[in-house]
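# Summary of structural features
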Amino acid sequence: MADQYAQTGEDSKSTELSAIRWEEPPEGPVLVLLDQTRLPAEEVELVCTDASALVEAIRSLAVRGAPLLGIAGAYGVALAAARGFDVDEAAAVLAGARPTAVNLAVGVRRAEAAYRAELTKSGDQELAAGAALAAARGLHREDAAASAAMAERGLALLDELLPGGGHRILTHCNTGSLVSGGEGTAFAVALAAHRAGRLRRLWVDETRPLLQGARLTAYEAARSGMAYTLLTDNAAGSLFAAGEVDAVLIGADRIASDGSVANKVGSYPLAVLARYHHVPFIVVAPVTTVDPDTPDGASIEVEQRPGHEVTEIAAPQVPVVGVEAGGGIPVAPLGTQAYNPAFDVTPPELVTAIVTEEGVVSPVTAEALAELCARSREVTIS
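Residues numbered from 1 in each chain as written. Predicted model: local features only at pLDDT ≥ 70, side-chain atom pairs only at ≥ 80, totals over all residues. Heavy atoms only, no water.

What follows concerns the pairing of strand S5 (residues 167-171). Along S5, five of the five residues are buried, which leaves the element largely enclosed by surrounding structure. Of the two faces of S5, the one holding His167, Ile169 and Thr171 and the one holding Arg168 and Leu170 are both buried throughout. For S5 and strand S6 (residues 199-205), the ladder comprises five bridges, and the chain directions are parallel. Residue pairing in the sheet places Arg168 in a bridge with Arg201 of S6. Note that the unit made of S5, helix H6 (residues 186-195) and S6 has a crossover that is right-handed. Relative to strand S8 (residues 247-250), S5 runs parallel, the two being bridged by three bridges. Note on S8: the bridge partner recorded for Thr171 is Leu249. (Buried < 20%, exposed > 50% of the residue type's maximum accessible area, 1.4 Å probe, protein only. Helix = DSSP H or I, 4+ residues; strand = E, 2+ residues; numbered from the N terminus. Pairing = 2+ DSSP bridges. Right-handed = clockwise from strand over helix to strand, strands pointing away.)

Paired through backbone hydrogen bonds, the strands of a sheet run either parallel or antiparallel to each other. A sheet is described by the order of its strands in space; here four strands give the open sequence S12-S9-S10-S15, paired in mixed fashion. Each having just a single partner strand, strand S12 (290-291) and strand S15 (343-346) make up the two edges of the open sheet. Here two bridges tie strand S9 (residues 254-256) to S12, and the two strands are oriented parallel to one another. Paired with Ile255 across the bridge in S12 is Val290.

As a further point, take the packing of helix H2 (residues 66-82) against helix H5 (residues 125-161). With their axes 8 Å apart at the nearest point, H2 and H5 run at an angle of 165 degrees to one another. Between H2 and H5, the interaxial angle falls into the category roughly antiparallel. Crossing of H2 against H5: the hand is left-handed. Each of Pro67, Gly70, Ile71, Ala74, Tyr75, Ala78, Ala81 and Ala82 in H2 lies in contact with H5, whose residues at this interface are Gln125, Ala129, Ala132, Leu133, Ala136, Arg137, Leu139, His140 and Asp143. Along the lines of polarity and charge, the residues of the contact of H2 with H5 split into twelve nonpolar, three polar and two charged. (Axes fitted to C-alpha atoms, helices over the stretch in contact; angles between N-to-C directions. Parallel < 35°, antiparallel > 145°, perpendicular 65-115°, else oblique. Left-handed = near helix turned anticlockwise from the far one by under 90°. Contact = heavy atoms within 4.5 Å. Nonpolar A, V, L, I, M, F, W, Y, C, P; charged D, E, K, R; others polar.)

With that out of the way, let us pick up unusual backbone geometry. In this structure, the amide linkage connecting Leu39 to the following residue, Pro40, adopts the cis form with an omega of 0 degrees. Following the sequence through the fold, Pro40 ends up in the loop between strand S3 (30-34) and strand S4 (44-48). In this chain, Arg208 is followed by Pro209 through a cis amide linkage whose omega measures 5 degrees. Even without a glycine there, the phi angle at Thr207 is positive, about 70 degrees. Take Thr207: it is sitting in the loop between S6 and helix H7 (212-223). Looking at Thr207, the relative accessible area reads 0%, which means it is buried.

Along the polypeptide, Asp258 turns up in the loop between S9 and strand S10 (261-264). As for Asp258 and Leu178, which are separated by 80 residues in sequence, their C-alpha atoms are 28 Å apart. Not counting residues within four places of it along the chain, the set of residues in contact with Asp258 comprises Pro295, Asp296, Gly297, Pro348, Thr365, Ala366 and Leu369. Of the polar contacts made by the side chain of Asp258, one reaches the backbone nitrogen of Ser260; its length is 3.0 Å. (Polar contact = N/O pair within 3.5 Å; in protein donor to acceptor, adjacent residues only side chain to side chain.)

The next point concerns the packing of aromatic side chains. Scanning the model with the defined rule gives one aromatic pair in all. Here the aromatic rings of Trp22 and Tyr75 are separated by 6.0 Å at their centres, their planes lie at 25 degrees, and the arrangement is stacked. With Trp22 in strand S2 (residues 20-23) and Tyr75 in helix H2, the pair connects residues that are 53 residues apart, well separated along the chain. A residue is classified by how much of its surface remains accessible, and Tyr75, at 4% relative accessible area, is buried. (Phe/Tyr/Trp six-rings, centres within 6.5 Å; stacked < 30°, edge-to-face > 60°.)

Take the pairing of strand S11 (residues 281-284) next. Of the two faces of S11, both are covered, the one formed by Phe281 and Val283 as well as the one formed by Ile282 and Val284. Alignment of S8 against S11, held across three bridges, turns out to be parallel. From the neighbouring strand, Val248 faces S11, where its bridge partner is Phe281. In the sheet, S11 pairs with strand S16 (residues 353-356) via three bridges, with the strands oriented parallel. Bridging from a neighbouring strand, Val284 pairs with Val355 of S16.

This brings us to the pattern of salt bridges. When the charged atoms of two side chains with opposite charge come close together, those side chains can pair. A full pass over the atoms with the stated rule returns 15 salt bridges. For Arg223, the salt bridge identified is with Glu43, shortest N-O distance 2.9 Å. Here Arg223 is found in helix H7, whereas its partner Glu43 is found in the loop between S3 and S4, with 180 residues between them in sequence. Overlapping salt bridges, with partners in common, bring together Arg98, Glu303, Arg305 and Glu309 in one network. (Salt bridge = Lys/Arg side-chain N within 4 Å of Asp/Glu carboxyl O.)

Don't take any of this as a statement about function, it's just geometry.
Right, dumping it as structure tokens:
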């Protein structure tokens, strides 16, 4: 079914963002998303009534970020089950909506497994739909708890590597509450430093071509009262050269079993700069982002985005004469081909540490990651 938009009123705004929520109005359950393509100009909610609407929201980046994609995928399966759609079909299209982000498939599989288990046990479609929803809500709660744990561990690591406080942190893309059931991954660490009075400056990469840093991270930093400065991606080198960066903090969309990290394109150059300038390069991500079935960075499928994201500047909120609503302003000659990978891959030898809710891996090795994942499975089972 077509998506519906609802403008959030001034009286509904709060200091905390609700990037995703499940609602049950009289006409049937829905999944409500904060449309991230409309930020920071507007806080608009997107209402999804079926899996196809959610898939479109995922592909358009209305909902994005590895942990949140996992939560959305789980809720999408629950939505299909609750509304009587084909759960297998819904799970398949949801899991394949963005191939690099492993959390999406993890969330889908979790809700689908809960649905199948209950259906096999009771044969009751309604109970099975309830089991899928319970799994999605459980994942949502777990991610919020993981976010808090990562923030605590990440701040402790920063204080260990950079004693004395006054941290100047460079971040890339968006890793705050817009990508999480809690306060995020890498951004949550910077926010913890801010609250502890130990953040001197948050350097925010604009993150071309879709400007997730400029539109979303700066938006979250401003809402949180953090000291932040926006820079173009290609200005990062001069910032390092000037000695203005103490640490780089990024998230991850997939971590291979050898420790290779796929994250928003532009992350790998920051890792190279950080290594040359002897600056810690820290990845913050939940254990679910580690994919034991992906052996190395070369095995990570990197999503290729449409070329118009590079050849045009999107301006959905700004009416421009001669430009179709929701389209973009051309910045390259007509017919220009564009190379537009959504992610790049950083090898483990350039990563100082991987911070998860279960612990910190440093140095980053396949053995250390495997041990961390095994420990996480033991905690989950117990």
